[in-house]
Amino acid sequence: MAGYVDRLASSDPVPGGGSASATAASLAAALVAMVAALSEGRPRFADHAALLTVAARQGRELAEHFLDLAERDAAAYATYAAALKLPRGTDAQREARTKAVRAAARHASEVPLECVEACLQIVTTAEALAGRSNANASSDLNVAALLAESAARGAAANVLVNLPAVDDHEFAVATTSRIDELLHEISRLAEATRTAVLAGESREPLELAASAKA
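Okay, so let's go over this structure. Bear in mind that the values here come from a model prediction, so they are computed numbers and not experimental data.

1. Focus: the overall build of the protein chain
Okay, so step 1: The number of helices and strands found in the protein chain is seven helices and zero strands.
Okay, so step 2: Each helix (α) and strand (β) of the protein chain, taken in turn from the N terminus, gives the series α-α-α-α-α-α-α.
Okay, so step 3: Its C-alpha atoms give the protein chain principal-axis dimensions of about 70 × 40 × 30 Å.
Okay, so step 4: Across the 214 residues in the protein chain, those meeting the buried criterion constitute 43%.

2. Remarks on the packing of helix α4 (residues 91-129) against helix α5 (residues 138-166)
Okay, so step 1: Between α4 and α5, the shortest axis-to-axis distance is 8 Å and the interhelical angle comes to 160 degrees. Between α4 and α5, the interaxial angle falls into the category roughly antiparallel. Note on packing geometry: the crossing formed by α4 with α5 is left-handed.
Okay, so step 2: Its residues assigned to classes, the contact of α4 with α5 shows 23 nonpolar, three polar and two charged.

3. Overview of the environment of Ser-26
Okay, so step 1: Summarising the element assignment, Ser-26 is placed in helix α2 (residues 17-39).
Okay, so step 2: Its relative accessible area of 7% is what places Ser-26 among the buried residues.
Okay, so step 3: With 41 residues separating them in the primary sequence, Ser-26 and Leu-67 have C-alpha atoms 6.2 Å apart.
Okay, so step 4: Setting aside anything within four residues of it in sequence, one finds Ser-26 in contact with Ala-63, Phe-66 and Leu-67.

Analysis parameters
Residues numbered from 1 in each chain as written. Predicted model: local features only at pLDDT ≥ 70, side-chain atom pairs only at ≥ 80, totals over all residues. Heavy atoms only, no water. Helix = DSSP H or I, 4+ residues; strand = E, 2+ residues; numbered from the N terminus. Buried < 20%, exposed > 50% of the residue type's maximum accessible area, 1.4 Å probe, protein only. Axes fitted to C-alpha atoms, helices over the stretch in contact; angles between N-to-C directions. Parallel < 35°, antiparallel > 145°, perpendicular 65-115°, else oblique. Left-handed = near helix turned anticlockwise from the far one by under 90°. Nonpolar A, V, L, I, M, F, W, Y, C, P; charged D, E, K, R; others polar. Contact = heavy atoms within 4.5 Å.

So, in structure tokens, the structure goes:
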């Protein structure tokens, strides 16, 4: 982690904000996994055993996924930066550069969009665990929700800043709409998590979909 922070603080443009957002989301996912692990196998939470198993697995898997997204985001921006430096002395060069910039900008939007979508999974699980897991770790769920929401907003900002360079109106409209939808739901669930944590009350078991248990 110290090495990553040193790279982030350097004059190198990568890694940057998108990568940092994904890294923050990885910490949120790890906290969700931790809370589930601290609750699994305890008789008091036997009615929530299925949820705890799913949450522990999902948290660990998403923590790894977010770290992968952090690397992919840095690589996507590096490709975009390289495209901007392509020669444009002739018509053919300008055309090739325009195509390369648009393609790289699209990819640089799609990677952080994946991060926002995955943040929704984390806050959904954090909210589900609140009141159904070890109360001594409830503040960690709150932190997980806060981190995930912040990470989602950071990743969303990186999506939106790249859209003009994509130069595709339909893509921009659809992507912006998707971002707005995701952030609204993430904020709602993060707030619900905080509310449930502050209430400190036990909650009824959840019925999990078969796909979630697999």
